[in-house]
Amino acid sequence: GNSMPRFTAAAVTALVATLLTVVTPTSTQAQENRSLMTGPVTSPATHSGRSTVYAPNGVAATSQPLATTAALEILQNGGNAIDAAVAAAAVLNVTEPHMTGMGGDMFAILWDADAGELVGLDASGKSGSKIDVDALAAEDDGVAGSGPRSVTVPGALSGWSTLVGTYGTMTLAEVLAPAIRIAEEGFPVSPIIAQDWAGTVEGLRRDEGAAATFLIDGEAPKAGDWFRNPDLARTFRRVAEHGPGTFYGGDLGREIVEGLDRLGGYLTLEDLANHEPRWVEPLSVDYKGYTLYELPPAGQGIAALQMLKMLEGYDFSTMTHNSAEYLHTLIEAKKLAHADLARYVADPDHMDVQPESLLDPSYLAGRANLIDPTKAADRPDPGHLVTDSETIYLTVADRHGNMISFINSIYGYFGSRVVVPGTGLVLQNRGAGFTMEEGHPNRIAPNKRPFHTIIPAFVTKDDGPWLSFGVMGGSMQPQGHVQVMLNMVEFGMDPQEAIDAARFRHFNGTRVAIENLNPTVAEALEAMGHELRSPDGVAFGGGQAILKLARGWAAGSDPRKDGMAAGH
């Protein structure tokens, strides 16, 4: 109507200029932030519809929204990134029970802003004392893939407690509070999690405690169904009140061991009481002005380091992202790194080589020379190691400059699929990572750490923190780490673009699956000898990343999962 105000062209121009001043960072600040993402900006190979999250104070990226909001709740209530990461991990125990929890193991790499240093934590447990290797060798089944015999000492709680006690600003009880609340009150199950849950029903039905805890009227919850785990809420309350000692040798631990004894498990109360997490020095390699850090064995992070270093001599500026030449080069480097991984990596107390020797530059240069630019190598499947893994990866940064790269897993879907009735806690099947091969450093034995797949990653630049990131998913993890890092370093992608971009997953021999593959590229790869598997149903991992800007943070979360990144 005639009451609408009229604006002159000059007034409109002035208004637009004012708005741009408000919403656009200063040109100097924007240039500084953009300079942290090298190279030209390229479109991602997949389009999730998400944009990178930018935040001024703190930010969290996890694989489930309630965990991300729990982390923000902790940050906004005075906690730091370490407190928030543990709070998120505990919530994921509730909302992604098939992937993670206190019944599993965890690892972390964190940047301590006060000290200006990077530290690593290995909170993985050992096998049970009651393993009889000779008896196992006489059986047809050998190493158990699930069930009570696959359960190793769960190290996650020891890691949570150690992180909060050493670097946090809150108590363990305070950071467990969001998980206790959600477990008690319940939540609507999210879609991708519901889909995974539905595929595990038969396994859960075989264990009384698992069925009672995780099935509703004998079935998995569907997307949107309300799910509660009051037993887990009570277990968390016991830990909050009595500390981790109730699990590691105390009353809660005794209940779990007695429950496993009834089923034929290998753990003893002394195994739990003797468990201790380990502070470890991350291993690293330099790559064109950046340094990638991974934790030392028994994890597979060394494969990502080997792969990246083998690729350092290539000029990727002459290659198109996910071209046949680019994909072939990365796939062949992955094969070489995983061949070493299968032969050498195990509990560091039982390895017959030093991890550093596998990162020797001259050794890796020789390995890189084995890559044929025109032909796919048909290398034997490592085969002796189980490399599927159900895991959560999360990362958090705070206003103080602390950053933490955090991973927690129960190994297979719902781990061992054993829940001691009344605890609400599924126990991991990490013992499935052993082999029966005589003379192999990863051969099953009592009181020994199995080969581990879960690995957090961290990148520094100019001796300061640059990127905290990870890609979950068994053997996908090292190859996923390298792909995401190169997306940013070589192709100038921001964190969300780098996570969205189509990935390959190499399996064994010449078999590989690739997302959103151009038909022309597919033909070229097949001509080189690659056997292309349909990407349908293949797990290409779920990633999270936080990039430190000149001021503030940029974060991304994988659309292949239900999660999100959010900041404050």
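The preceding data block contains the structure.
These numbers come from a predicted model, not from an experiment.

## Some words on the overall build of the chain
Reasoning step 1: Looking only at helices and strands, the chain has 19 helices and 21 strands in total.
Reasoning step 2: Classification of the 568 residues of the chain by burial places 60% in the buried group.
Reasoning step 3: Split by element, the accessible area of the chain, about 21,400 Å² in all, is 50% carbon and sulfur.

## Here we look at the side chain of S124
Reasoning step 1: Looking at the secondary structure, you find S124 in the loop between β4 (117-123) and α5 (133-138).
Reasoning step 2: The exposure class assigned to S124 is buried, which follows from its relative accessible area of 1%.
Reasoning step 3: A polar contact is formed between the side chain of S124 and the side chain of D122, at a distance of 2.6 Å.
Reasoning step 4: Here S124 is in contact with D105, M106, F107, H275, R449 and H452, once residues within four sequence places are set aside.

## Some words on the nonpolar core
Inside soluble globular proteins, nonpolar side chains tend to come together where they are buried.
Reasoning step 1: Formed by 82 residues in total, the largest nonpolar core has its most connected members in W160, L163, I404 and F406.
Reasoning step 2: No other element matches the 12 residues that helix α4 (residues 81-95) contributes to this core.
Reasoning step 3: In contact with W160, not counting residues within four places along its chain, are V86, A89, A90, N93, G101, M102, M106, L176, F236, F406 and N408.

## A look at the environment of A210
Reasoning step 1: Relative to the elements of secondary structure, A210 occurs in helix α10 (residues 208-214).
Reasoning step 2: Relative accessible area serves as the criterion here: at 0%, A210 is assigned to the buried category.
Reasoning step 3: Between the C-alpha atoms of A210 and L427, which are 217 residues apart in sequence, the distance is 9.9 Å.
Reasoning step 4: The residues touching A210, leaving out its near neighbours within four places in the chain, are L204, L215, R417 and V419.

## Side note on empty space enclosed by the protein
Reasoning step 1: On inspection of all chains with the given rule, the structure shows one cavity of 30 Å³ or more.
Reasoning step 2: Of the voids in this model, the largest cavity is the one considered here, and its volume is about 60 Å³.
Reasoning step 3: Taken together, 14 residues make up the lining of the largest cavity; nearest its centre are I131, R149, S150, G431 and I444.

## A word on the sheet that holds strand β18 (residues 531-533)
Reasoning step 1: What the three strands build is an open sheet, ordered β16-β17-β18; its pairing is mixed. At either end of the open sheet lies a strand with only one pairing partner, and these are β16 (504-506) and β18. Each strand of the sheet is rotated relative to its neighbour by a mean of 30°, with strand direction disregarded.
Reasoning step 2: Where strand β17 (residues 511-514) and β18 come together, three bridges link them in parallel fashion. The residue bridging R511 from the neighbouring strand is E531, located in β18.
Reasoning step 3: Helix-sheet contacts for helix α15 (residues 324-344) involve β16 and β17, and the interaxial angle to β16 is about 35°.

## Quick notes on the sheet that holds strand β14 (residues 457-461)
Reasoning step 1: An order of β1-β20-β19-β15-β14-β9-β8 is seen for the seven strands of this open sheet, with the pairing classed as antiparallel. In this open sheet, the two edge strands, each paired with only one partner strand, are β1 (53-55) and β8 (283-287). With direction set aside, neighbouring strand axes in the sheet form an average angle of 20°.

## As for the packing of aromatic side chains
Reasoning step 1: What the rule picks out here adds up to 13 aromatic pairs.
Reasoning step 2: Here the aromatic rings of W197 and F227 are separated by 4.9 Å at their centres, their planes lie at 70°, and the arrangement is edge-to-face. In this pair, W197 sits in helix α8 (residues 191-198) while F227 sits in strand β6 (residues 226-227), placing the two residues 30 residues apart along the sequence. For the pair W197 and F227, a shared accessibility class is recorded, and that class is buried.
Reasoning step 3: Three or more aromatic residues link up through ring pairs in this structure, and these residues are F187, W197, F214, F227 and F414.
Reasoning step 4: Between R430 and the ring centre of Y411, over which it is positioned, the NZ or CZ distance is 3.9 Å.
Reasoning step 5: Positioned over the ring face of F507 is R533, at 4.5 Å from the centre of the ring.

## Describing helix α7 (residues 172-185)
Reasoning step 1: Compared with an ideal rise of 1.5 Å per residue, which puts 14 residues at 20 Å, α7 spans 20 Å between its outermost C-alpha atoms and is within 8% of the ideal.
Reasoning step 2: The sharpest bend along α7 reaches about 35° and sits at P178.
Reasoning step 3: L172, V175, L176, P178, A179, I180, I182 and A183 are the residues of α7 that are buried.
Reasoning step 4: Once α7 finishes, G186 follows within two positions and takes phi at roughly 95°, a positive value.

## A word on the packing of helix α3 (residues 65-76) against α7
Reasoning step 1: The contact between α3 and α7 brings their axes to 10 Å, and the two run at 145°. Taken as a pair, α3 and α7 cross one another with a handedness that is right-handed. Residues L66, A70, E73 and I74 of α3 form the contact with α7, whose own contacting residues are E174, V175, P178, R181 and I182.
Reasoning step 2: Tallied by class, the residues present in the contact of α3 with α7 amount to six nonpolar, no polar and three charged.

## A look at unusual backbone geometry
Note: most peptide bonds trans; most residues except glycine with negative phi.
Reasoning step 1: Its identity is not glycine, yet D217 carries a phi of approximately 55°, on the positive side.
Reasoning step 2: Take D217: it is sitting in the loop between α10 and β6.
Reasoning step 3: The exposed category is assigned to D217, whose relative accessible area is 79%.
Reasoning step 4: Phi angles above zero are rare outside glycine, and R417 is one such case at about 65°.

## Description of the pattern of salt bridges
Between side chains of opposite charge, a pair can form as their charged atoms come close.
Reasoning step 1: Scanning the model with the defined rule gives 19 salt bridges in all.
Reasoning step 2: When the shortest N-O distance is used, the salt bridge between R205 and E202 registers 2.6 Å. With R205 and E202 both in helix α9 (residues 201-205) and three residues apart, the pair spans about one turn of that helix.
Reasoning step 3: Of the residues examined, R205 reaches a relative accessible area of 37% and is grouped as partly exposed.
Reasoning step 4: E332 is the salt-bridge partner of K335, the closest N and O atoms lying 2.9 Å from each other. Of this pair, K335 and E332 both sit in helix α15, separated by three residues, roughly a single helical turn. Taken individually, K335 and E332 each receive the classification buried, so the pair is uniform in this respect.
Reasoning step 5: Among the charged side chains, a network of salt bridges with common partners joins R503, E515, D558 and R560.

So, how was this worked out
Throughout this description, residue numbers start from 1 for each chain and increase along the sequence as written. Only residues with pLDDT of at least 70 get local features here, since the model is predicted, and only at 80 or more are side-chain atom pairs given and counted; chain-wide, interface and lining totals rely on the full set of residues. The side-chain quantities take in all heavy atoms of the structure and omit both hydrogens and water. A run of DSSP states H or I qualifies as a helix once it reaches four residues; a run of E qualifies as a strand once it reaches two. Both are numbered from the N-terminal end. Accessibility here uses a 1.4 Å probe with only protein chains present; expressed as a share of the type maximum, an area under 20% marks a residue as buried, one over 50% as exposed, and anything in between as partly exposed. Only the protein chains shown count as cover for residues, and the accessible areas themselves come from Shrake-Rupley with a 1.4 Å probe. Polar contact is defined as a pair of N or O atoms within 3.5 Å, subject to the rule that within protein one atom must be able to donate a hydrogen and the other to accept it, and that residues adjacent in sequence are counted only when both atoms are side-chain atoms. The contact criterion used throughout is that any non-hydrogen atoms of two residues lie within 4.5 Å. Nonpolar cores are built from buried Ala, Val, Leu, Ile, Met, Phe, Trp, Tyr and Cys residues. Side-chain atoms within 4.5 Å join them into one set. Throughout, the protein atoms alone are placed on a 1 Å grid, and a set of points is a cavity if a 1.4 Å probe fits but cannot get out or a pocket if it is open with protein on both sides within 12 Å along at least five of seven lines; lining residues have an atom within 4 Å of a point. Grid points are joined across faces, edges and corners, and a volume is the space filled by probe spheres set on the points. One bridge is not enough; two strands pair if DSSP finds at least two bridges between them. Axis lines are fitted to C-alpha atoms, over the contacting stretch for helices. Their N-to-C directions set the angle, which ranges from 0 to 180 degrees. Within 6.5 Å between ring centres, the rings of Phe, Tyr and Trp (the latter by its six-membered ring) count as paired, and their orientation is classed by plane angle as stacked under 30 degrees, edge-to-face over 60, tilted in between. Two limits define a charge over a ring: the Lys NZ or Arg CZ must be within 6 Å of the ring centre, and within 35 degrees of the ring normal. Here the expected span of a helix is defined as 1.5 Å times the quantity of residues minus one. The reported bend at a residue is simply the angle between two axes, fitted to the 7 residues ending at it and to the 7 residues beginning with it. By convention the crossing between two helices is left-handed if the near helix lies anticlockwise of the far one by an angle smaller than a right angle, and right-handed if it lies clockwise. Residue polarity is assigned by list, with Asp, Glu, Lys and Arg as charged and Ala, Val, Leu, Ile, Met, Phe, Trp, Tyr, Cys and Pro as nonpolar; anything else, Gly included, falls into the polar class. A pairing counts as a salt bridge when a side-chain nitrogen of Lys or Arg comes within 4 Å of a carboxyl oxygen of Asp or Glu.

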